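Structure assessment
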Amino acid sequence: MSAKSHFSTSRTGILSVSISAVLWGTVGIATQAIYQRSDLTAVAAGFYRLFFAFPVVAVLCWKLVDKQQLRIVNQEYLKIILIGIMLALYQVFYFSSISYVGVAVATLITLCTAPVLVSLLSAVFLKERLTGYTLGALLAALTGTVLLVGLPEQNSVAGNVAMGVALALGSATGYAIVALMGRSIAATCHPMLSTTVSFGVGAIFLFPFAAGNILSATYSIEIWELILYIGLMPTAVAYMLFFFGMRSIKASTASILTLLEPLTATVLAWIFFAERLAPSGIIGALLLLAAIAVLYRGEISSK
């Protein structure tokens, strides 16, 4: 491949991953809009996202993935089922967190602490070395979270904030488990295949818990538009763009580009819902982003 062709391919990959991250950043905004216009719960929202995304990614997987790669090694079935369940749970926790602390705070805590948790869990379960960079990132993430949410004076407000933070951290933990499980099967299962199967598993897992709310809720055309948007654009389309882009750029580059997700969510939350961060919150958000930068620096230094 010529240098010019390689540059063009890399540029396309960067653009694809960037668009996917921006689309992911709109999920919280669309979910908050659904909460304000209907009585759908976080569980129902999570179910609909996976339910409408599944057939699209299934077709794309069948069309784009080599047929010889459309198989799952027997011992990987349980891992993919776990990925599907955790995928469902971390979305429900994230959607629930939004109702307590808003889109910006929920997104920043979930997405910026997840990579730190991946590093910590890797050290515990995969016996990867716990470096000073990881500990530094953990300190930055914890400090950033405290500054981001502040210390509310009223007990009722403090209780809501604590619940929202707990749900966001639960979402980050689920996200971290999905990442670790995905890493463990990467050598034997195509990522688009595992994503497709896990979407189906997640939807099946959530349906019994969401069925009552789904059947009793009132739907307007606007609600259906938002539901379909969440299932198609920031889920099916975004994952397709992400996998397409990952073929031509480094994983470390992709990890930096995905920071566009919390940035997009924060800006949109400010525009549509007037969610403004206090000065200490801005510092906290920067510390959370710095935690990612520290982890990235550690990854580069270890190579």
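Computed from a predicted model, the values in this text were never measured in an experiment.

Rules used throughout
Residues numbered from 1 in each chain as written. Predicted model: local features only at pLDDT ≥ 70, side-chain atom pairs only at ≥ 80, totals over all residues. Heavy atoms only, no water. Helix = DSSP H or I, 4+ residues; strand = E, 2+ residues; numbered from the N terminus. Buried < 20%, exposed > 50% of the residue type's maximum accessible area, 1.4 Å probe, protein only. Contact = heavy atoms within 4.5 Å. Areas by Shrake-Rupley, 256 points an atom, 1.4 Å probe, with all protein chains shown as cover. Salt bridge = Lys/Arg side-chain N within 4 Å of Asp/Glu carboxyl O. pLDDT = per-residue confidence, 0-100. Axes fitted to C-alpha atoms, helices over the stretch in contact; angles between N-to-C directions. Parallel < 35°, antiparallel > 145°, perpendicular 65-115°, else oblique. Left-handed = near helix turned anticlockwise from the far one by under 90°. Phe/Tyr/Trp six-rings, centres within 6.5 Å; stacked < 30°, edge-to-face > 60°. Polar contact = N/O pair within 3.5 Å; in protein donor to acceptor, adjacent residues only side chain to side chain. Expected span 1.5 Å × (residues − 1). Bend = angle between axes of the 7 residues up to and from the residue. Core = buried A, V, L, I, M, F, W, Y, C linked by side-chain atoms within 4.5 Å. Patch = residues over 30% accessible without salt bridge, like charges linked within 9 Å, V, L, I, M, F, W, Y side chains within 5 Å. Nonpolar A, V, L, I, M, F, W, Y, C, P; charged D, E, K, R; others polar.

1. A few points about the overall build of the chain
Check the secondary structure of the chain and you find 11 helices and zero strands. Element order for the chain, N to C, with α for helix and β for strand: α-α-α-α-α-α-α-α-α-α-α. For the chain, the residues scored as buried account for 48% of the 303 residues in total. Counting only contacts in the chain whose residues sit at least 6 apart along the sequence, the fraction spanning at least 24 positions is 90%. For the chain, the computed accessible surface area is about 15,100 Å², with 69% contributed by carbon and sulfur atoms.

2. A closer look at the pattern of salt bridges
Under the definition given, this model contains two salt bridges. Among the ionic pairs, Glu76 bridges to Lys79, the shortest N-O distance being 3.9 Å.

3. Looking at the confidence of the model for the chain
With 88% of its residues at a pLDDT of 70 or more, the chain has an overall mean of 85. Averaged over each element, pLDDT in the chain is lowest for helix α9 (residues 251-257) (66) and highest for helix α2 (residues 27-37) (95). In the predicted structure, residues 1-7 sits below a pLDDT of 50 and forms two contacts with residues beyond four places in sequence or in another chain.

4. Describing the environment of Gly144
Position of Gly144 relative to the elements: it lies in helix α5 (residues 132-149). If we ignore the near neighbours within four places in the chain, the residues touching Gly144 are Gly284, Leu287 and Leu288.

5. Looking at the packing of α2 against helix α8 (residues 221-246)
At a minimum axis distance of 10 Å, the contact between α2 and α8 shows a crossing angle of 160°. One finds that α2 runs roughly antiparallel with respect to α8. Considering how the two elements wind past one another, α2 and α8 form a crossing that is left-handed. Where α2 abuts α8, its residues Val27, Ala30, Thr31, Ala33, Ile34 and Arg37 lie against Glu222, Ile223, Leu226, Ile227, Tyr229, Ile230 and Pro234.

6. What to know about the packing of aromatic side chains
In the structure shown here, the tally under the stated rule is 17 aromatic pairs. Arranged with centres 5.9 Å apart and planes meeting at 65°, the rings of Phe242 and Phe243 form a pair that is edge-to-face. Across the pair, Phe243 and Phe242 agree in class, each one buried. Taken together through their ring pairs, the aromatic side chains of Phe47, Tyr48, Phe51, Phe52, Phe207, Tyr219 and Trp224 make up a single cluster.

7. Examining the side chain of Thr235
Along the chain, Thr235 turns up in helix α8. Here the side chain of Thr235 touches Ile230 through a polar contact of 2.5 Å, landing on its backbone oxygen. Residues within four places of Thr235 in sequence aside, it is in contact with Arg49, Ala53, Phe199 and Ile230.

8. What to know about helix α7 (residues 191-216)
Residues spaced three or four apart along an α-helix point in a common direction, a consequence of the helix completing one turn every 3.6 residues. Its 26 residues give α7 an end-to-end C-alpha distance of 36 Å, which sits within 8% of 38 Å, the value for a rise of 1.5 Å per residue. Roughly 60° is the biggest bend found in α7, and it falls at Ala210.

9. Some details on the nonpolar core
The biggest cluster of nonpolar side chains holds 79 residues, and the ones touching the most others in it are Leu40 and Phe95. If you tally residues by element for this core, the top one is helix α4 (residues 77-125), at 19 residues. Those residues within four positions of Phe95 in sequence are excluded, and the remaining contacts are Val27, Thr31, Tyr35, Ala42, Ala45, Gly46 and Arg49.

10. Looking at a nonpolar patch on the surface
Taken together, Leu263, Val267, Trp270, Ile271 and Phe272 make up a surface patch of nonpolar side chains, about 530 Å² in accessible area. Position of Leu263 relative to the elements: it lies in helix α10 (residues 260-273).

11. Quick notes on α2
Extensive coverage of α2 is indicated by the burial of nine of its 11 residues. Restricting attention to buried positions, one finds in α2 the residues Val27, Gly28, Ile29, Ala30, Thr31, Gln32, Ala33, Ile34 and Tyr35.

12. Here we look at the packing of α7 against α8
Direction vectors running N to C along α7 and α8 enclose 160°, while the axes themselves pass 11 Å from each other. As judged from the angle between their axes, α7 and α8 are roughly antiparallel. Pair α7 / α8 crosses with right-handed handedness. Between α7 and α8, the residues in contact are Pro191, Met192, Thr195 and Phe199 and Thr235, Tyr239 and Phe243, respectively. A breakdown of the residues in the contact of α7 with α8 according to their chemical character gives five nonpolar, two polar and no charged.

13. Considering the side chain of Glu76
Looking at the secondary structure, you find Glu76 in the loop between α3 (42-64) and α4. Beyond its immediate chain neighbours, meaning those up to four positions away, Glu76 contacts Ser184, Ile185 and Thr188.

14. Comments concerning the environment of Ile14
Along the polypeptide, Ile14 turns up in helix α1 (residues 3-24). Here Ile14 falls in the partly exposed class, since its relative accessible area comes to 35%. Taking the C-alpha atoms as reference points, Ile14 and Phe244, 230 residues apart in sequence, are found 9.9 Å from one another. In this structure, Ile14 is in contact with Ile249 and Leu257, ignoring residues within four places of it in sequence.

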